[in-house]
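# Coordinates in review
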Amino acid sequence: MKNAVNDGVWSGTWVARRLGVELEGDEHLTDLLGLALRRNPKRAHLLVSKVLGKHVPQSPAVVHGHGLRLGHRVRALLGDAEAARAVVLGYAETATGLGHSVADGLALAPYLHSTRRPVAGVTPAGGFEESHSHATSHLLLPEDPALLAGDGPLVLVDDEFSTGNTVLNTIRELHARHPRRRYVVVALVDMRSAEDAARLDRFAEEIGARVDLVAAASGTVRLPEGVLEKGQALVAEHESAGAEPGPAPHGEVTRVELGWPDGLPDGGRHGFTPAHRARLETALAAMAARIAQALPAGSRRVLVLGFEELMYAPLRLAAELERTVPAEVRYSTTTRSPVLAVDDPGYAIRTRLAFPAHDDPADGPGERYAYNVAGAGFDTVVAVVDSAADTDRLHAPDGLLARLAAHAPHVLLAVVPAHAPHPFERPAMLPEPLRGPAFSSYAPDEVGWLLQDLSAVSLEAPTEEREEAVQNGGAHYAESLPVEYQPSERYQALFHAALDTSADRIARAVGVVTETVLTERSSRPVLVSLARAGTPVGVLMRRWAGQRYGVELPHYAVSIVRGRGIDANALRWLAAHHDPRDVVFVDGWTGKGAITRELSFAIEEFERAEGVTGFDPEIAVLADPGSCVRTYGTRDDFLIPSACLNSTVSGLISRTVLRADLVGPDDFHGAKFYRELADADVSVAFLDAVSARFPQVLDEVDAAVKELLAEDRAPTWEGWRAVERISEEYGIHDVNLVKPGVGETTRVLLRRVPWKILAKADAGADLDHVRLLAEQRGVPVEEVDDLPYTCVGLIHPKYTRGATGADGRAVNV
C-alpha cells in the first residue's frame with residue numbers, strides 16, 4: 001500500500017462510484033472527508049475524517065489545530081463570561097480527542113467525554129443512545145457529579161453532525177436533569193439535511209433553550225435508494241480481501257516510561273479541568289523527550305497510536321514529539337468501529353489490523369482495529385494505552401503489539417496510568433459565582449463574586465465593641481462587620497468633588513496598570529479582584545480592555561483575610577475553570593504590603609496542599625505608594641474616591657466574613673448585600689465617571705506605559721520600613737495598627753477606632769475627606785514633615801471598654 005492519505009485521488013471515489021453516494025457542500029469538504037463502507041447493519045457508508053486522527057494517520061499539529069480553532073470560535077461566540085461557566089462534552093469514542101482539543105481552544109471550561117467503559121464506584125450522571133453506532137450506549141461518569149449540574153452553556157462536540165439524533169438524545173437527557181438556557185453543538189462537519197436542521201430548531205424551541213452550531217465545514221450526503229442493501233453486498237464481496245493476513249511479528253517491542261504526573265487524569269472520562277490542562281502542558285516536554293530518546297537512530301516515519309477513547313494524551317504527546325524530532329510524525333488511534341478495508345487509492349480505509357480487545361470491556365471480548373497502519377511505511381510505532389489496557393491480551397501472540405510488530409521494525413509501548421476517581425472523598429462542586437442584580441448593584445457581566453450570600457445574617461457590631469474584641473483576642477476582625485458609615489451631605493459633596501477632580505488621574509492609572517498586565521502577564525488575563533476594595537478597580541480594568549481592544553475579560557472577586565489567607569475554595573474554583581497562569585490578582589492600592597505578603601504565603605500553601613501550580617501571587621494595583629509590587633498604575637499616594645466610602649461605592653457589598661459557624665471548610669467566604677442602601681449607591685456612577693475619561697487619556701497612558709516598562713520596578717518595601725519606624729516612634733509596637741496611605745487611613749476612620757492621623761504638611765485637597773472624618777470622630781490630625789505617605793492612620797493601641805466580642809463572648813481585659 002502506498003501513502004494512505006490521498007495518492008492524488010479523493011478517498012471517497014471508490015464508494016461514490018459503486019453506491020452512487022454523493023457528497024455535496026463546501027469546496028473544502030472533500031479535503032476533510034473520505035468515504036468507506038461500514039460493517040454495520042444500520043448504515044452503509046462511513047464518513048472518514050482525514051483530520052480527526054482516528055482512522056487516517058495525520059500530523060498531530062493538524063489534528064489538534066482543527067479542534068483548537070473550533071474552540072476559539074466557541075469562545076468568541078459565548079464571550080469569556082459565559083465561556084467560563086460552560087462545560088465541554090465530547091462523544092466516545094471517536095470525538096474524545098476532538099472534544100478535548102475544543103476545550104483547549106475554549107480554555108476556560110472543564111471537559112468531560114462520554115464513555116463505554118463502566119468504572120466501579122462511580123455513579124453515572126447520565127447516559128444516552130447513539131442509534132446508528134455499532135456500540136450504542138454512552139455513559140457519563142464525572143468524578144464530581146456536580147460537574148454537569150450548573151446552568152452555564154453546554155458545549156457538545158462530535159466529529160460529524162449527521163442527523164442530529166445523538167445530540168437530541170443527549171440534550172433531552174441532560175436538560176431533564178439540569179435545564180440550561182444555551183447549548184452549542186460543535187462538529188468538524190455538519191452533514192444534516194434541511195429536515196434534520198429544522199427538527200433541531202423545533203426541539204430547541206420546545207425546551208426554551210438556544211442551540212448554536214459551530215462546524216469547520218458543511219454539506220449533505222445524497223444516498224440513492226437501496227443503498228443499505230447495496231452496501232452490505234459490497235462488504236460481503238470484499239470482506240475477505242480487505243483484512244491484513246497477519247504475517248509473523250518481526251519488530252522489537254520496547255516499553256517507555258513516560259513519567260506521567262501523579263494524580264493527573266489520563267483524559268476526560270471522569271472530567272478534565274483547566275488546572276489539569278496546565279499540569280499536562282508543564283509535563284509534556286519531558287514525557288515527549290523520553291519517547292524521543294527511545295526512538296531508534298535514523299527513525300524517519302513515526303506513528304503515535306492511541307487507544308480507543310484514549311485519544312487526547314497520545315495526541316498531545318505526538319504533537320510535542322513532532323515539534324522536537326526530525327522524523328515525520330503521524331497520529332491515529334485504534335477503534336471499535338468495524339469498517340471494510342479496500343486497498344484502493346480512492347478508498348479511505350486501505351488496510352485493517354484486527355486484534356482482540358485488551359481492556360476487559362463491559363460488553364465482553366471482541367475485535368478491535370487499527371486502520372491504515374499496515375503498509376504505510378512506519379519504521380516505528382509508539383503505542384500509547386492506559387494501564388487498564390496493559391493486559392496479557394495486549395501482549396498476546398495475536399494481540400495489538402504483535403500485530404504492529406508485523407508491520408514496523410520497532411514498536412514502543414507507553415502506558416498512561418488510568419485515572420482512579422475518588423468521588424466520595426471530594427467535596428461537592430462549589431457553586432457558580434454570585435452576580436448582580438441578585439448580589440451587588442454591578443451588572444452581571446462586570447464581576448462574578450466567589451462568595452456566599454450572608455445577607456440574612458446579623459453580623460454588624462458597634463465599632464468600639466469590635467475594636468476591643470479584636471485587640472484583646474475575643475474575635476478576629478473578619479468574624480463581624482462594622483456598622484455601615486452613613487455619609488453626611490457635606491461628606492457626600494466631598495466625594496463627588498474628589499471624583500470630578502481625580503477622574504482623569506484614576507483613568508490614567510487604570511490604563512497604565514491594564515496595559516502593563518496585557519503586555520507582561522497575559523494577553524487574555526482573568527482578573528481576580530481582592531474583595532472588596534479591588535473590585536471597582538477590576539471592573540475598570542475590564543472596561544479599559546473592552547473599550548480599547550474589544551475583549552471581554554473574565555472578572556471575579558475573592559476574599560482574602562489578613563492572618564488567614566485567601567479563600568482556598570475560590571482558588572479551587574478558579575483552577576477548575578481557568579488556566580491559573582492567566583489569573584491576575586487585583587487590588588485598589590498597597591499600604592505597607594501586608595496583603596501582598598499574605599497572598600504570597602497563601603498561594604504557596606495552596607500549591608503545596610492541592611498540587612495546583614501556576615497562580616502568580618503578585619498583585620496588580622491602581623496605586624503602589626508602599627513600593628510592594630511591580631505592576632501598578634502609579635506609585636503616588638493620592639486620593640482614590642472609591643476609598644472614601646464603604647459598600648455604596650463597591651456594589652453595595654460588605655467586607656468579607658470568615659467565621660467558623662457560618663463558613664464551612666467547603667464553602668466560599670461570606671459577605672452581605674446591602675440592598676437597603678440602594679438610594680445612596682454611587683458604585684456605577686463612580687465607574688462611569690472614570691471610564692468616560694478613557695478616550696482622552698490614551699496618549700498619556702501609552703507614553704507612561706512605555707516609560708514604565710523601561711524602569712526598574714522591583715519592590716523596595718519602603719512602606720513597610722516606614723511603618724515599622726512609625727510603630728516604634730509612637731510606642732504602638734504593632735505594625736497591624738499602623739495604616740499608611742490615603743485609602744488605609746480612610747478605612748481606619750470609617751471602620752476602626754482611630755487614635756490619631758499623621759498627615760504630610762502639603763497634602764492639600766487629597767486629605768479634605770480625611771480631615772472631615774477626623775473632625776466628626778474627634779481625632780487629632782498631626783502634620784509631619786518627613787512622612788513617605790500622604791497620610792497615615794493610627795489605630796488606638798490600647799482600646800478597652802469591657803465590650804463583648806463579635807461572637808458574643810465577653811472580652812477579658
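## Quick notes on the overall build of the protein chain
A tally of helices and strands in the protein chain yields 22 helices and 32 strands. If you take every contact in the protein chain between residues at least 6 apart in sequence, the share linking residues at least 24 apart comes to 78%. Looking at the protein chain as shown, the accessible area adds up to about 30,100 Å², and 50% of this sits on carbon and sulfur atoms.

## Considering unusual backbone geometry
Of note, the bond from alanine 92 into glutamate 93 is cis; its omega dihedral lies within 30 degrees of zero at -5°. In this fold, glutamate 93 is placed in the loop between strand 4 (87-90) and helix 5 (96-106). Residue alanine 531 is joined to arginine 532 through a cis peptide bond whose omega torsion reads 5°. Following the sequence through the fold, arginine 532 ends up in the loop between strand 22 (526-531) and helix 15 (534-549). Phi is positive for glutamate 308, close to 45°, though the residue is something other than glycine. Along the polypeptide, glutamate 308 turns up in the loop between strand 12 (301-306) and helix 10 (312-324).

## Examining the sheet that holds strand 31 (residues 781-784)
Ordered by their spatial adjacency, four strands build an open sheet running 29-32-30-31, and the pairing between neighbours is mixed. Where the open sheet ends on each side, the last strands, each with one partner, are strand 29 (738-740) and strand 31. With direction set aside, neighbouring strand axes in the sheet form an average angle of 20°. Examined bridge by bridge, strand 30 (residues 754-760) and strand 31 share four bridges and lie parallel to one another. Bridged to lysine 760 within strand 31 is valine 784.

## Focus on the sheet that holds strand 12
Strand order in the open sheet formed by five strands is 11-17-16-12-13, with parallel pairing between adjacent strands. Two strands bound the open sheet, and with one partner strand each, they are strand 11 (252-256) and strand 13 (328-333). The mean angle between the axes of side-by-side strands here comes to 20°, regardless of whether they run parallel or antiparallel. By the bridge criterion, six bridges tie strand 12 to strand 13 in an arrangement that is parallel. Residue pairing in the sheet places glycine 306 in a bridge with threonine 333 of strand 13. Its contacts with the sheet put helix 10 on strand 12, strand 13 and strand 16 (380-386), and the angle it makes with strand 13 is roughly 175°.

## A look at helix 16 (residues 568-577)
Residues three or four positions apart in an α-helix share a direction because the helix packs 3.6 residues into each turn. Counting buried residues along helix 16, eight of its ten residues qualify, which places the element largely inside the surrounding structure. Every buried residue of helix 16 is accounted for by Asn569, Ala570, Leu571, Trp573, Leu574, Ala575, Ala576 and His577. On its buried face, helix 16 is in contact with helix 9 (274-294), strand 22, strand 23 (555-561), strand 24 (565-566), strand 25 (583-589) and helix 17 (594-610). The residue sitting at the N-terminus of helix 16 and contributing the capping side-chain oxygen is aspartate 567; that oxygen lies 3.0 Å from the backbone nitrogen of asparagine 569.

## Looking at the layout of surface pockets
As a volume, the second largest pocket reaches approximately 280 Å³. Lining the second largest pocket are 16 residues, with Val512, Gly633, Thr634, Ala704 and Leu708 sitting closest to its centre. Counting only elements with at least two residues in the lining of the second largest pocket, the list comes to helix 14 (489-520), strand 27 (631-634) and helix 19 (698-709). The biggest single contributor to the lining of the second largest pocket is helix 19, with five residues. Per-class residue counts for the lining of the second largest pocket are seven nonpolar, two polar and seven charged.

## Let's talk about the side chain of asparagine 569
Along the polypeptide, asparagine 569 turns up in helix 16. Engagement of the side chain of asparagine 569 in a polar contact is seen with the backbone oxygen of aspartate 667, the distance being 2.8 Å.

## Section: the pairing of strand 26 (residues 619-623)
Among the five residues that make up strand 26, five are buried, leaving the element largely enclosed by the rest of the structure. With four bridges connecting them, strand 25 and strand 26 associate as parallel partners. Looking at strand 26, one finds that tryptophan 589 is bridged to alanine 623. In this view, the connection linking strand 25 to its parallel neighbour strand 26 by way of helix 17 has right-handed handedness. Where strand 26 meets strand 27, three bridges bridge the pair, whose relative direction is parallel. Looking across to strand 27, one finds that valine 621 is bridged to tyrosine 632.

## Comments concerning the packing of aromatic side chains
In the structure shown here, the tally under the stated rule is ten aromatic pairs. Ring centres of tyrosine 369 and tyrosine 371 lie 5.8 Å apart, and the angle between their planes is 15°; on these two criteria the pair is classed as stacked. Of the two residues examined, tyrosine 369 and tyrosine 371, each falls in the buried class. Among the aromatic residues, those joined into a cluster by ring pairs are Phe439, Tyr442, Trp449 and Phe673. A cation over a ring is seen here: lysine 756 above tryptophan 755, with NZ or CZ 4.7 Å from the ring centre.

## With respect to the nonpolar core
Core analysis: the largest hydrophobic core is formed by 231 residues, its most contacted members being Val155, Tyr347, Phe585 and Phe615. What valine 155 contacts, discounting residues up to four positions off in sequence, is Val74, Leu78, Ala86, Val87, Val88, Leu89, Leu106, Val184 and Val186.

## As for the pairing of strand 16
The side chains of a regular strand alternate between the sheet's two faces. Among the seven residues in strand 16, seven count as buried, and that is most of the element. Sheet topology places strand 16 next to strand 17 (residues 410-416); seven bridges connect them, and they run parallel. Looking at the pairing, valine 385 lines up with valine 415 of strand 17.

## Observations regarding the confidence of the model for the protein chain
For any part of a model where pLDDT is low, the fine detail of the predicted coordinates should not be relied upon. The predicted model of the protein chain has a mean per-residue pLDDT of 84, with 89% of residues at 70 or higher. Taken together, the stretch residues 800-813 has pLDDT below 50 and engages in 32 contacts with residues farther than four places along the chain or on a different chain.

## Here we look at helix 9
With 21 residues, helix 9 ought to run about 30 Å at 1.5 Å a step, and its terminal C-alpha atoms sit 30 Å apart, in line with that. Residue alanine 283 marks the point of greatest curvature in helix 9, where the axis turns by about 40°. When we look at burial in helix 9, the residues that qualify are Pro274, Ala275, Arg277, Ala278, Leu280, Ala283, Leu284, Met287, Ala288 and Ile291. Considering only its buried residues, helix 9 is in contact with helix 5, strand 11, helix 10, strand 16, strand 17 and helix 16.

## Details of the environment of leucine 772
Along the chain, leucine 772 falls in helix 22 (residues 768-777). Judged by its relative accessible area of 2%, leucine 772 falls in the buried class. Taking the C-alpha atoms as reference points, leucine 772 and arginine 490, 282 residues apart in sequence, are found 8.8 Å from one another. With residues near it in sequence (within four places) discarded, leucine 772 still touches Arg490, Tyr491 and Leu494.

## Focus: the packing of helix 15 against helix 18 (residues 683-691)
Interhelical geometry of helix 15 versus helix 18 gives an angle of 40° and a closest axis separation of 10 Å. In this view, helix 15 runs oblique relative to helix 18, as classed from their interaxial angle. Relative to helix 18, the crossing made by helix 15 is right-handed. Contacts between helix 15 and helix 18 involve Pro536, Val539, Leu540, Arg543 and Gln547 from the former and Phe686, Leu687, Asp688, Val690 and Ser691 from the latter. Here the residues of the contact of helix 15 with helix 18 sort into six nonpolar, two polar and two charged.

## Observations regarding the pattern of salt bridges
Inspection of every chain in the model, using the stated rule, returns 41 salt bridges. A salt bridge links aspartate 636 to arginine 505; the nearest nitrogen and oxygen atoms lie 3.4 Å apart. Here arginine 505 lies in helix 14 and aspartate 636 lies in the loop between strand 27 and strand 28 (670-671), a separation of 131 residues in the sequence. Overall, arginine 505 belongs to the partly exposed group, its relative accessible area being 32%. Because the salt bridges share partners, they merge into one network encompassing Asp104, Arg277, Glu281 and Arg316.

Conventions we followed
- Residues numbered from 1 in each chain as written.
- Predicted model: local features only at pLDDT ≥ 70, side-chain atom pairs only at ≥ 80, totals over all residues.
- Heavy atoms only, no water.
- Helix = DSSP H or I, 4+ residues; strand = E, 2+ residues; numbered from the N terminus.
- Contact = heavy atoms within 4.5 Å.
- Areas by Shrake-Rupley, 256 points an atom, 1.4 Å probe, with all protein chains shown as cover.
- Pairing = 2+ DSSP bridges.
- Axes fitted to C-alpha atoms, helices over the stretch in contact; angles between N-to-C directions.
- Buried < 20%, exposed > 50% of the residue type's maximum accessible area, 1.4 Å probe, protein only.
- Polar contact = N/O pair within 3.5 Å; in protein donor to acceptor, adjacent residues only side chain to side chain.
- 1 Å grid on protein atoms, 1.4 Å probe; cavity = no way out; pocket = protein on both sides within 12 Å on 5 of 7 lines; lining within 4 Å.
- Points joined across faces, edges and corners; volume = space filled by probe spheres on them.
- Nonpolar A, V, L, I, M, F, W, Y, C, P; charged D, E, K, R; others polar.
- Right-handed = clockwise from strand over helix to strand, strands pointing away.
- Phe/Tyr/Trp six-rings, centres within 6.5 Å; stacked < 30°, edge-to-face > 60°.
- Lys NZ or Arg CZ within 6 Å of the ring centre and 35° of its normal.
- Core = buried A, V, L, I, M, F, W, Y, C linked by side-chain atoms within 4.5 Å.
- pLDDT = per-residue confidence, 0-100.
- Expected span 1.5 Å × (residues − 1).
- Bend = angle between axes of the 7 residues up to and from the residue.
- Parallel < 35°, antiparallel > 145°, perpendicular 65-115°, else oblique.
- Left-handed = near helix turned anticlockwise from the far one by under 90°.
- Salt bridge = Lys/Arg side-chain N within 4 Å of Asp/Glu carboxyl O.

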